[in-house]
Amino acid sequence: MRTDVHAAARGPETLFAEIAEPRLAYVVQSLNTAPMRTSLAFGAIVAAFTTLLALSQAHAPGNGALIDLLPSETAFALMLGLAVFPLRLITVPLLTYLVCFSLGFGLRLWLEDDYLPAGIAPYTIFWTALVLNALPAIAAAIIGRAVAGRARPGALGDVLLSLASTVAYIVIAGALVAGMVTFVYPPDLPDESLGLLGILGAGFIRVIRIGLCGAVLVLYLLDRPDRRNMGVALLVLPLFIGLAVLRNLGVAGHPPLDVELLALAVALLAPPYAAIFANIVGVSAYVMLTGEFLVQHPVPSADVMKLELASVFLLALDYLLLLQRHIAQAELERNRATIDRMIRIRALATIGYFVMDTRTGRVRLDAVAAEILGTPASFTIADFIGRVRPEDRPIIEASIADISEESRTLSFLFSSNGMWNETAETRYVTVHAWYEDRSGSRSLAYGALIDLTRDHRREQDLAAALASLSEQQNRQTQMFSIVSHELRTPASVISMLLEELEGGASWQEMGPRLRAVSDQLLSVLADMRQTVRPEQNLPIRLETLRPQEVAETVRNTFALMAGARQIDLDLDLAPEAWQLRVSDRVRLVQALSNLVKNAILHAECRRITIGYSETAVGAGVMGQWRVSDDGRGVPPEAQATLFDAFRRGAGTSTTRTDGSGLGLYVTKSSVELLSGTVTYQPRAAGGSVFVMRLPMALPAESEEKGAPRQRVDLASLKAMTVLIAEDSDLIGELLVARLRRVFGRIVWVRDGQEALAAFDAEAADMVLTDLFMPQMGGDDLTAALREKGAECPIIGMTAAAIGDERERFEAAGTDRVLTKPISTAQLIEVLEGLAGNGRSRPAAE
């Protein structure tokens, strides 16, 4: 637990180190992506490299096979290949080694007559040396990979691989050399040419040099070379070539020590990413030009011995320095990768950084923060504060003035472009700031700036959605409350009137009251239907009318209701009111009725006036209907929501407000569907004035739009058979009784399947069907009839005030959808409308 807390406290570098992928070297990565091509390139390059090294040693004095192969530089093929090649491709370095050893051995044997000692067959030396040189390289690679496998992949794994394999190679190869010299080589083998070293000492030094040089080559394969490596190598290469030229001219100290000093200087001075490659290129060029470094020269004195040992020491030091540079470069690349991840995450999360001098208000930003704020990289708070929302400005000013806290977090809204404007595009940011006092009267604030505009907008959208949902729930609750009240009241009155009739009251007295109560009940349902789907539940039907007749109809409808409250109903009609016009009579009557009823219920007035006038608009006429009263008017605070649904007029504390709260909303919906407007304005002398402006087309214009309605011959209806599908016994009986007065024969069934069977048997001329019935619904019945070719009128019936019943009927193929209760006048109107559309129907006049 402590380790986790400590790691978390160290920051993102530790966190990202846990997800860091192994630092794939170029060769390792290439072996994964293109194994065949990389294997061929590896074999060709290593073969050429070892061949050039072999040629550089040709004809060197005292460098015969027994010295040259103890060990051989061709072991580089195994040391390099076994370190980086996966097990599935392990045969590649083995074959490469075989080729390299064969080439080197063959070239030396061809170029030098005295390369082999006398009396020993070439193949014996070849196979013996081939195996003996391979064994330490293979064993060292196995040990190195085993040790590196215990560490985490990355720089540490590279270090363990290089160190373990190098030490293992030097120890194993050194032991093998000692064994060969002691037990295999002839005792009388002359070694005077090597001076104080002897064959055993020369073998040890050669083992160390090949082992360390191979380790440096492995480091390069574990690196990621690029063009920069090549550039630095080309810069230092002339130094090594110059040193080789001086050596060949005889101007040199101790050649191995000279080249090692130069290599060590390059390792110290060259950039970490290029030090290894520059050393390899430079030392290889020197060796190939001089033959030094791998060819062991005589050591005639103790001083020369010291120089030789010093060169070996410098080679080891050079290797360790390059190993350290390799680790440093790997760490640098890991840090760069961490920074790159942080930059990508920061850019994705739109996080920018800032530094501000709180005394001067000067702010400096990075690129991301400047893009978020839409400012230059440096600006002053005074220049920016005008873009901030006014209510957020005190927060920013306080955070600059008060720096007593160690840190602070604040959020604000600002204009994306220019000074603050309520209508401009805005952004929302959160600032996490830390404060720090500096010498010289400076106080700094620095930190992160996070763009949360999308989150803020989603939050606003969510809040708006929740508010809308809450409003819908309130409206729904209000609707159910109103429906409960408005339906319970007429239902209770109907019950009471029926009791009066059963108690002996006359129909002449109770009948009109029963009709008024039922009309009130149907009016509430119609208002609800109009509120939910006005364009579907009340289709537009234009007809010829006189505005004067419409006004008279509305006044007569409410005369008794107004008289009961001692309210006068007057008409104020222009002469044009007696002219023929074209509009939707039903909607006009409905809209005017709602306005008049609203005034009777809520205005507390003594007089209501219905007015009509016209103005010419182009080639048409704009009608203006006015319903005014001398009552108390509408309070200013209520005028903005006057035409919203469920807005009921306010009564006194002891009075109840009547009405469903839908009247004015239905009026507005009806007028707007007729391309008109309805507005409210206070009456100058007190009271209210509602003005409806809507087109009132001339009859000629109407005739151009469509054919006039055809009248159905009522006598022909007596020859019609009407099929009724209705599962309610009460509604079915009343509907049958009502339709028998007009139509000839009525067939009533209680289910869609029965209706489907009766249709052909009874040869029905018209079908009336309910929607919800057992076995088969009305929509399925309609679809089945249309599928079998029925062309007669099919009329859907529904008692629902709201819902999708109309869509279901229309999708199935009904001609009309009527709301219960259905009258014979409605059916005749449907037949006339269908006849006007050219459908085959009963005979028309």
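See the structure printed just above.
Described in the following lines is the structure provided in the data block. Going along each chain's sequence as written, the residues are numbered from 1 onward. The predicted origin of the model limits local features to residues at a pLDDT of at least 70 and limits the giving and counting of side-chain atom pairs to 80 or more, whereas totals for whole chains, interfaces and linings rest on all residues. Side-chain measures here rest on the full set of heavy atoms in the structure, leaving out hydrogens and waters.

Turning next to the overall build of the protein. Here a strand is any run of E in DSSP of at least two residues, a helix any run of H or I of at least four, and the numbering for each starts at the N terminus. If you tally the helices and strands in the protein, you get 31 helices and 18 strands. By residue count, 47% of the 845 residues in the protein fall in the buried class. Excluding contacts between residues fewer than 6 apart, the proportion of contacts in the protein whose partners are at least 24 apart in sequence is 69%. In the structure as shown, the protein presents an accessible area of about 42500 Å², 59% of it carried by carbon and sulfur atoms. Relative accessibility under 20% of the residue-type maximum defines a buried residue, over 50% an exposed one, and the middle range a partly exposed one, all with a 1.4 Å probe and only protein chains included. Whether two residues are in contact is decided by their heavy atoms, any of which lying within 4.5 Å being enough. We get accessible surface area from the Shrake-Rupley algorithm with a probe of 1.4 Å; when it comes to residues, only the shown protein chains can shield them.

Let us look at the packing of aromatic side chains. Pairing of aromatic rings covers Phe, Tyr and Trp, the last through its six-membered ring, and needs centres within 6.5 Å; plane angles under 30 degrees mean stacked, over 60 mean edge-to-face, and all others mean tilted. As enumerated under the stated definition, the model contains 15 aromatic pairs in all. A ring pair is formed by Phe 49 and Phe 76, whose centres lie 6.3 Å apart and whose planes are at 35°; its orientation type is tilted. Taken together, the positions of Phe 49 in helix α4 (residues 35–56) and Phe 76 in helix α6 (residues 76–84) put the pair 27 residues apart, joining distant regions of the chain. For the ring pair Phe 105 and Phe 126, a centre distance of 5.4 Å and an interplane angle of 65° mean the geometry is edge-to-face. Here Phe 105, found in helix α7 (residues 91–111), pairs with Phe 126, found in helix α8 (residues 122–149); they are 21 residues apart in sequence, far enough to count as distant. Taking the relative accessible area as the measure of exposure, Phe 126 reaches 13% and is therefore buried. Seen from the ring of Trp 748, Arg 750 lies directly overhead, with NZ or CZ sitting 4.0 Å from the centre. Consider the ring centre and the ring normal. A charge sits over the ring if Lys NZ or Arg CZ is within 6 Å of that centre and within 35 degrees of that normal.

For the rest of this paragraph, the subject is the packing of α6 against α7. An axis is simply a line fitted to the C-alpha atoms; with a helix, the fit covers only the stretch in contact. Between two such axes, the angle follows the N-to-C directions and lies from 0 to 180 degrees. Contact pair α6 / α7: the axes reach a minimum separation of 8 Å and the direction vectors enclose 170°. Classified by the interaxial angle, the pair formed by α6 and α7 is roughly antiparallel. Counted together, Ala 77, Leu 78, Gly 81 and Leu 82 of α6 and Pro 93, Leu 94, Thr 96, Tyr 97 and Cys 100 of α7 form the full contact between these two elements. Residue polarity is assigned by list, with Asp, Glu, Lys and Arg as charged and Ala, Val, Leu, Ile, Met, Phe, Trp, Tyr, Cys and Pro as nonpolar; anything else, Gly included, falls into the polar class. Each residue belonging to the contact of α6 with α7 can be placed in one class, and the counts come to seven nonpolar, two polar and no charged. Angle categories are assigned with fixed cut-offs, so that under 35 degrees is roughly parallel, over 145 is roughly antiparallel, 65 to 115 is roughly perpendicular, and the rest are oblique.

One open sheet accounts for five strands, arranged β15-β14-β16-β17-β18; its pairing is parallel. Every interior strand has two partners, whereas the edge strands, β15 (745–749) and β18 (816–819), have only one. Recorded for the sheet is a direction-independent mean angle of 20° between the axes of neighbouring strands. Paired strands, as defined in this entry, are two strands with at least two bridges between them according to DSSP. Where strand β14 (residues 721–725) meets β15, five bridges bridge the pair, whose relative direction is parallel. Its bridge partner being in β15, Val 722 is matched across the sheet by Ile 746. Relative to β15, helix α27 (residues 729–739) is tilted by about 170°, and along the sheet it contacts β14, β15, β16 (766–770) and β17 (794–798). Strand contacts of helix α29 (residues 778–787): β14, β16 and β17, with the helix running at about 150° to β16, the strand carrying the most contacts.

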